[in-house]
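# Structural description and commentary
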Amino acid sequence: MNGAEPYGPLIGTGVRVLTWNVWGEEGPYAERAARIEKVVRDLSPDVVALQEWAGQRLGYEHAATLPARAPVTVLSRWPIVRQEDRLLPGGPPPQEKGGVLPGRALFCELDGPRGPLQVFSVMIGAYRLGDSQARQEQVRALAAFVREVTSRRHPTLVCGDFNAPPDSDEMRMLTGRAATPVPGLVFYDAWEVAGDGGPGCTWSNANPWARPALYPDRRFDYVLSAWPRAGGAGHPVRCEVVGDGPEPGSDHYGVLAELRY
(Lines give C-alpha, C1' and ligand atoms only; values in the text may rest on other atoms or scores of the structure.)
Protein backbone atom coordinates (compact mmCIF):
# COMPACT_ATOMS: atom_id res chain seq x y z
CA MET A 1 0.00 0.00 0.00
CA ASN A 2 1.05 3.62 -0.48
CA GLY A 3 -0.28 6.94 0.74
CA ALA A 4 -1.88 7.87 -2.58
CA GLU A 5 -3.61 4.49 -3.06
CA PRO A 6 -3.70 2.77 0.34
CA TYR A 7 -5.99 0.01 -0.99
CA GLY A 8 -4.48 -0.17 -4.46
CA PRO A 9 -6.56 0.73 -7.55
CA LEU A 10 -10.21 0.95 -6.51
CA ILE A 11 -12.71 -1.64 -7.71
CA GLY A 12 -15.21 -0.24 -10.20
CA THR A 13 -17.87 -2.93 -9.81
CA GLY A 14 -20.38 -3.22 -7.00
CA VAL A 15 -22.91 -5.27 -5.05
CA ARG A 16 -26.41 -4.02 -4.18
CA VAL A 17 -27.53 -5.00 -0.68
CA LEU A 18 -30.95 -4.49 0.91
CA THR A 19 -31.72 -4.89 4.61
CA TRP A 20 -35.29 -4.72 5.93
CA ASN A 21 -37.19 -5.68 9.05
CA VAL A 22 -40.54 -6.61 7.55
CA TRP A 23 -42.55 -7.06 10.78
CA GLY A 24 -43.37 -10.75 10.56
CA GLU A 25 -47.01 -11.55 9.93
CA GLU A 26 -48.41 -8.63 11.92
CA GLY A 27 -51.27 -6.45 10.73
CA PRO A 28 -52.85 -7.07 7.30
CA TYR A 29 -50.13 -9.54 6.38
CA ALA A 30 -51.23 -10.56 2.87
CA GLU A 31 -51.55 -6.92 1.82
CA ARG A 32 -48.22 -5.97 3.36
CA ALA A 33 -46.41 -9.00 1.91
CA ALA A 34 -47.47 -7.99 -1.60
CA ARG A 35 -46.06 -4.51 -1.05
CA ILE A 36 -42.80 -5.89 0.34
CA GLU A 37 -42.38 -8.29 -2.57
CA LYS A 38 -43.00 -5.49 -5.07
CA VAL A 39 -40.34 -3.27 -3.48
CA VAL A 40 -37.79 -6.09 -3.52
CA ARG A 41 -38.54 -7.05 -7.11
CA ASP A 42 -38.45 -3.43 -8.29
CA LEU A 43 -35.11 -2.75 -6.55
CA SER A 44 -33.62 -6.09 -7.68
CA PRO A 45 -30.76 -6.19 -5.13
CA ASP A 46 -28.06 -8.85 -5.33
CA VAL A 47 -28.30 -9.68 -1.62
CA VAL A 48 -31.21 -9.23 0.80
CA ALA A 49 -31.02 -9.43 4.59
CA LEU A 50 -34.50 -9.76 6.07
CA GLN A 51 -35.54 -9.72 9.69
CA GLU A 52 -38.82 -11.27 10.91
CA TRP A 53 -39.62 -12.84 7.53
CA ALA A 54 -38.33 -15.83 5.57
CA GLY A 55 -38.84 -14.46 2.04
CA GLN A 56 -38.94 -17.83 0.26
CA ARG A 57 -41.22 -16.52 -2.50
CA LEU A 58 -38.75 -13.97 -3.89
CA GLY A 59 -36.78 -16.32 -6.13
CA TYR A 60 -33.34 -16.05 -4.52
CA GLU A 61 -31.01 -18.57 -2.93
CA HIS A 62 -32.34 -18.69 0.61
CA ALA A 63 -31.16 -19.32 4.17
CA ALA A 64 -33.12 -18.59 7.33
CA THR A 65 -32.97 -19.25 11.07
CA LEU A 66 -35.54 -20.66 13.40
CA PRO A 67 -37.94 -19.82 15.00
CA ALA A 68 -40.19 -19.70 11.98
CA ARG A 69 -42.31 -16.85 13.40
CA ALA A 70 -39.45 -14.32 13.46
CA PRO A 71 -36.50 -15.62 11.46
CA VAL A 72 -33.53 -13.68 10.17
CA THR A 73 -32.84 -14.44 6.54
CA VAL A 74 -30.25 -14.01 3.80
CA LEU A 75 -31.33 -14.08 0.16
CA SER A 76 -28.68 -14.18 -2.56
CA ARG A 77 -28.41 -14.20 -6.34
CA TRP A 78 -25.35 -16.40 -5.88
CA PRO A 79 -24.86 -19.78 -4.18
CA ILE A 80 -24.77 -19.85 -0.38
CA VAL A 81 -21.83 -22.15 0.33
CA ARG A 82 -21.64 -21.86 4.12
CA GLN A 83 -24.02 -20.73 6.83
CA GLU A 84 -24.21 -20.60 10.61
CA ASP A 85 -26.46 -18.82 13.07
CA ARG A 86 -26.19 -17.72 16.70
CA LEU A 87 -28.33 -16.44 19.50
CA LEU A 88 -27.01 -13.17 20.89
CA PRO A 89 -27.73 -13.17 24.63
CA GLY A 90 -27.85 -10.04 26.71
CA GLY A 91 -29.56 -9.21 29.99
CA PRO A 92 -31.92 -11.38 32.06
CA PRO A 93 -34.28 -13.80 30.29
CA PRO A 94 -37.52 -12.29 28.91
CA GLN A 95 -39.69 -14.06 31.49
CA GLU A 96 -37.88 -12.24 34.30
CA LYS A 97 -38.70 -8.68 35.33
CA GLY A 98 -36.79 -6.33 33.05
CA GLY A 99 -35.77 -9.23 30.81
CA VAL A 100 -34.99 -8.78 27.13
CA LEU A 101 -35.29 -10.93 24.05
CA PRO A 102 -32.03 -12.40 22.76
CA GLY A 103 -30.73 -11.24 19.44
CA ARG A 104 -30.15 -13.49 16.45
CA ALA A 105 -27.51 -13.42 13.72
CA LEU A 106 -27.28 -15.52 10.56
CA PHE A 107 -23.96 -15.75 8.72
CA CYS A 108 -23.79 -16.77 5.07
CA GLU A 109 -20.77 -17.01 2.80
CA LEU A 110 -21.80 -16.32 -0.78
CA ASP A 111 -19.97 -17.63 -3.83
CA GLY A 112 -20.12 -14.34 -5.70
CA PRO A 113 -18.72 -13.67 -9.16
CA ARG A 114 -15.76 -11.70 -7.80
CA GLY A 115 -14.89 -13.88 -4.83
CA PRO A 116 -16.44 -14.78 -1.45
CA LEU A 117 -18.86 -12.32 0.11
CA GLN A 118 -19.49 -12.70 3.86
CA VAL A 119 -22.95 -11.50 4.92
CA PHE A 120 -24.74 -11.36 8.27
CA SER A 121 -28.44 -10.72 8.80
CA VAL A 122 -28.92 -9.45 12.36
CA MET A 123 -31.82 -8.77 14.70
CA ILE A 124 -30.89 -7.20 18.03
CA GLY A 125 -33.66 -8.34 20.36
CA ALA A 126 -33.46 -5.64 23.03
CA TYR A 127 -35.89 -3.15 21.53
CA ARG A 128 -36.91 -0.81 24.37
CA LEU A 129 -35.36 2.65 24.55
CA GLY A 130 -33.80 1.84 27.93
CA ASP A 131 -32.21 -1.47 26.82
CA SER A 132 -28.85 -0.06 25.73
CA GLN A 133 -26.84 -2.20 28.15
CA ALA A 134 -28.46 -5.37 26.82
CA ARG A 135 -27.92 -4.21 23.23
CA GLN A 136 -24.25 -3.63 24.01
CA GLU A 137 -23.95 -7.20 25.29
CA GLN A 138 -25.62 -8.51 22.14
CA VAL A 139 -23.29 -6.42 19.95
CA ARG A 140 -20.28 -7.87 21.77
CA ALA A 141 -21.60 -11.37 21.08
CA LEU A 142 -22.14 -10.42 17.44
CA ALA A 143 -18.59 -9.08 17.08
CA ALA A 144 -17.19 -12.31 18.55
CA PHE A 145 -19.28 -14.31 16.05
CA VAL A 146 -17.97 -12.19 13.16
CA ARG A 147 -14.38 -12.74 14.30
CA GLU A 148 -14.94 -16.49 14.59
CA VAL A 149 -16.46 -17.26 11.20
CA THR A 150 -15.05 -14.69 8.74
CA SER A 151 -11.81 -14.05 6.92
CA ARG A 152 -10.37 -10.55 6.83
CA ARG A 153 -9.37 -11.15 3.21
CA HIS A 154 -12.97 -10.95 1.94
CA PRO A 155 -15.69 -8.29 2.20
CA THR A 156 -17.83 -8.62 5.32
CA LEU A 157 -21.28 -7.04 5.56
CA VAL A 158 -23.40 -6.87 8.71
CA CYS A 159 -26.97 -5.88 7.93
CA GLY A 160 -30.02 -5.60 10.11
CA ASP A 161 -32.19 -4.03 12.76
CA PHE A 162 -30.14 -2.94 15.77
CA ASN A 163 -32.97 -1.07 17.56
CA ALA A 164 -30.39 1.62 18.29
CA PRO A 165 -29.59 5.04 16.77
CA PRO A 166 -26.14 5.88 15.36
CA ASP A 167 -25.05 7.88 18.41
CA SER A 168 -25.81 5.04 20.86
CA ASP A 169 -22.98 3.32 22.71
CA GLU A 170 -23.75 0.03 20.99
CA MET A 171 -23.42 1.47 17.48
CA ARG A 172 -20.39 3.55 18.44
CA MET A 173 -18.67 0.29 19.46
CA LEU A 174 -19.13 -1.01 15.91
CA THR A 175 -18.11 2.15 14.06
CA GLY A 176 -14.93 2.89 16.02
CA ARG A 177 -16.23 5.82 18.05
CA ALA A 178 -15.89 3.78 21.24
CA ALA A 179 -13.72 0.85 22.26
CA THR A 180 -14.35 -1.97 19.80
CA PRO A 181 -15.47 -5.37 21.19
CA VAL A 182 -12.91 -7.11 18.94
CA PRO A 183 -9.62 -5.30 18.28
CA GLY A 184 -9.42 -4.17 14.67
CA LEU A 185 -13.03 -5.05 13.83
CA VAL A 186 -14.49 -1.72 12.71
CA PHE A 187 -17.37 -1.07 10.33
CA TYR A 188 -18.39 1.67 7.96
CA ASP A 189 -22.04 2.72 8.22
CA ALA A 190 -23.22 2.85 4.59
CA TRP A 191 -25.71 5.63 5.28
CA GLU A 192 -23.12 7.80 6.99
CA VAL A 193 -20.61 7.31 4.16
CA ALA A 194 -22.89 7.34 1.13
CA GLY A 195 -26.37 8.53 2.14
CA ASP A 196 -27.91 11.88 1.23
CA GLY A 197 -26.80 13.68 4.39
CA GLY A 198 -30.23 13.53 6.05
CA PRO A 199 -31.17 11.60 9.18
CA GLY A 200 -32.08 8.45 7.21
CA CYS A 201 -34.76 7.45 9.73
CA THR A 202 -36.00 3.90 9.30
CA TRP A 203 -38.39 4.15 12.25
CA SER A 204 -40.60 7.12 11.51
CA ASN A 205 -43.81 8.62 12.81
CA ALA A 206 -44.69 9.28 9.16
CA ASN A 207 -45.18 5.50 8.92
CA PRO A 208 -48.69 4.55 10.09
CA TRP A 209 -47.47 1.11 11.23
CA ALA A 210 -44.76 2.67 13.45
CA ARG A 211 -46.68 5.69 14.77
CA PRO A 212 -48.66 3.88 17.53
CA ALA A 213 -45.44 2.98 19.39
CA LEU A 214 -44.86 6.69 20.18
CA TYR A 215 -41.10 6.33 19.70
CA PRO A 216 -39.06 9.26 18.40
CA ASP A 217 -37.96 9.13 14.77
CA ARG A 218 -34.76 7.07 14.67
CA ARG A 219 -32.40 5.25 12.34
CA PHE A 220 -32.44 1.66 13.59
CA ASP A 221 -31.49 -0.28 10.45
CA TYR A 222 -28.01 -0.49 8.96
CA VAL A 223 -25.79 -1.87 6.26
CA LEU A 224 -22.37 -2.05 7.91
CA SER A 225 -19.23 -3.05 6.04
CA ALA A 226 -15.92 -4.04 7.60
CA TRP A 227 -12.93 -1.82 6.99
CA PRO A 228 -12.22 -2.07 3.24
CA ARG A 229 -10.20 -4.88 1.79
CA ALA A 230 -7.80 -4.59 -1.17
CA GLY A 231 -9.25 -2.45 -3.93
CA GLY A 232 -11.67 -0.85 -1.46
CA ALA A 233 -13.87 -3.96 -1.48
CA GLY A 234 -16.79 -3.34 0.85
CA HIS A 235 -16.62 0.44 0.72
CA PRO A 236 -20.10 2.06 0.39
CA VAL A 237 -20.65 4.21 -2.68
CA ARG A 238 -24.45 4.75 -2.51
CA CYS A 239 -27.14 4.34 0.14
CA GLU A 240 -30.85 5.15 0.36
CA VAL A 241 -33.90 4.52 2.53
CA VAL A 242 -36.50 2.42 0.70
CA GLY A 243 -39.99 1.07 1.32
CA ASP A 244 -41.01 4.48 2.66
CA GLY A 245 -43.82 5.28 0.23
CA PRO A 246 -47.34 6.37 1.20
CA GLU A 247 -48.38 2.72 1.74
CA PRO A 248 -45.40 1.12 3.51
CA GLY A 249 -45.10 -2.63 3.79
CA SER A 250 -43.61 -2.70 7.30
CA ASP A 251 -43.26 -0.71 10.50
CA HIS A 252 -39.59 -0.24 9.50
CA TYR A 253 -38.27 1.24 6.30
CA GLY A 254 -35.48 -0.62 4.52
CA VAL A 255 -31.93 0.41 3.60
CA LEU A 256 -30.43 -0.23 0.16
CA ALA A 257 -26.67 0.19 -0.26
CA GLU A 258 -24.23 -0.30 -3.10
CA LEU A 259 -20.68 -1.25 -2.10
CA ARG A 260 -17.50 -1.87 -4.04
CA TYR A 261 -17.15 -5.55 -4.89
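Residues numbered from 1 in each chain as written. Predicted model: local features only at pLDDT ≥ 70, side-chain atom pairs only at ≥ 80, totals over all residues. Heavy atoms only, no water.

On to the sheet that holds strand 10 (residues 221-226). Strand order in the open sheet made by the six strands is 5-6-7-8-10-9, with mixed pairing throughout. Sheet topology places strand 5 (80-88) and strand 9 (187-189) at the edges, where each strand pairs with a single neighbour. Between one strand axis and the next, the sheet turns by 20 degrees as a mean value, whatever way the strands run. Sheet topology note: the strand 8 (residues 156-161)/strand 10 ladder contains five bridges and is antiparallel. Residue pairing across strands places Leu157 opposite Ser225, the latter belonging to strand 10. Lying over the sheet, helix 2 (residues 132-149) contacts strand 5, strand 6 (103-112), strand 7 (115-123), strand 8 and strand 9, oriented at roughly 155 degrees with respect to strand 5. (Pairing = 2+ DSSP bridges. Helix = DSSP H or I, 4+ residues; strand = E, 2+ residues; numbered from the N terminus. Axes fitted to C-alpha atoms, helices over the stretch in contact; angles between N-to-C directions. Contact = heavy atoms within 4.5 Å.)

Most of strand 10 sits inside the fold, with six of its six residues counted as buried. Across the two faces of strand 10 the burial is the same, with Asp221, Val223 and Ser225 and Tyr222, Leu224 and Ala226 all buried. Pairing of strand 9 with strand 10 involves three bridges; the strand directions are antiparallel. Across the sheet, the residue bridging to Tyr188 is Ser225, located in strand 10. (Buried < 20%, exposed > 50% of the residue type's maximum accessible area, 1.4 Å probe, protein only.)

Here the structure, examined in full by the defined rule, presents 13 salt bridges. Two residues, Asp46 and Arg77, come together in a salt bridge whose shortest N-O distance is 3.3 Å. Of this pair, Asp46 sits in the loop between helix 1 (29-43) and strand 2 (47-51) while Arg77 sits in the loop between strand 4 (72-76) and strand 5, and the two are 31 residues apart along the sequence. The class for Asp46 is buried, based on a relative accessible area of 15%. With its nearest N and O atoms 2.6 Å apart, the salt bridge here joins Glu170 to Arg135. Of this pair, Glu170 sits in helix 3 (residues 169-175) while Arg135 sits in helix 2, and the two are 35 residues apart along the sequence. (Salt bridge = Lys/Arg side-chain N within 4 Å of Asp/Glu carboxyl O.)

With that settled, consider the sheet that holds strand 3 (residues 61-64). Taken together, six strands build an open sheet; the order of strands is 3-4-2-1-12-11 and the sheet is mixed. Where the open sheet ends on each side, the last strands, each with one partner, are strand 3 and strand 11 (236-242). Each strand axis lies, on average, 15 degrees off the axis of its neighbour in the sheet, ignoring direction. Inspection of the sheet shows strand 1 (residues 14-21) paired to strand 12 (residues 254-260) by six bridges, in the antiparallel sense. For Val17, the partnering residue across the bridge sits in strand 12 and is Ala257. Sheet strands in contact with helix 1 are strand 1, strand 2, strand 11 and strand 12, and its direction is about 170 degrees off that of strand 1.

Before going further, it helps to spend a moment on the side chain of Ser225. Note that Ser225 resides in strand 10. Within the structure, the side chain of Ser225 is placed 2.7 Å from the backbone oxygen of Gly234, a separation counted as a polar contact. (Polar contact = N/O pair within 3.5 Å; in protein donor to acceptor, adjacent residues only side chain to side chain.)

In this model helix 2 runs 26 Å from its N-terminal to its C-terminal C-alpha over 18 residues, within 8% of the 26 Å that 1.5 Å per residue would give. Turning to helix 2, its buried residues number three or more, namely Ala134, Arg135, Gln136, Gln138, Val139, Leu142, Ala143, Phe145, Val146 and Val149. Of the surrounding secondary structure, the elements contacted by the buried residues of helix 2 are strand 5, strand 6, strand 7, strand 8, helix 3 and strand 9. (Expected span 1.5 Å × (residues − 1).)

A word on the nonpolar core. If you look at the biggest cluster of nonpolar residues, it comprises 28 residues, and the most contacted ones within it are Val15, Val47, Leu110 and Leu117. With sequence-adjacent residues up to four places away left out, Val15 is seen in contact with Asp46, Val47, Trp78, Leu117, Ala257, Glu258, Leu259 and Tyr261. (Core = buried A, V, L, I, M, F, W, Y, C linked by side-chain atoms within 4.5 Å.)

This part takes up the packing of aromatic side chains. Counting across every chain of the model gives eight aromatic pairs. The interplanar angle of 85 degrees and the centroid separation of 5.8 Å between the aromatic rings of Phe162 and Tyr222 together place this pair among those described as edge-to-face. Separated by 60 residues along the polypeptide, Phe162 in the loop between strand 8 and helix 3 and Tyr222 in strand 10 bring together distant segments of the chain. For the residue pair Phe162 and Tyr222, the accessibility class agrees, reading buried in each case. Here Trp203 and Phe220 contribute two aromatic rings whose centre-to-centre distance is 6.4 Å and whose plane-to-plane angle is 40 degrees, an arrangement assigned as tilted. Of this pair, Trp203 sits in the loop between helix 4 (190-194) and strand 10 while Phe220 is found in the loop between helix 4 and strand 10, placing the two residues 17 residues apart along the sequence. Among the residues examined, Trp203 registers a relative accessible area of 8% and is labelled buried. Relative accessible area serves as the criterion here: at 2%, Phe220 is assigned to the buried category. An aromatic cluster is built from Phe107, Phe120 and Phe145, whose rings are joined through pairwise contacts. (Phe/Tyr/Trp six-rings, centres within 6.5 Å; stacked < 30°, edge-to-face > 60°.)

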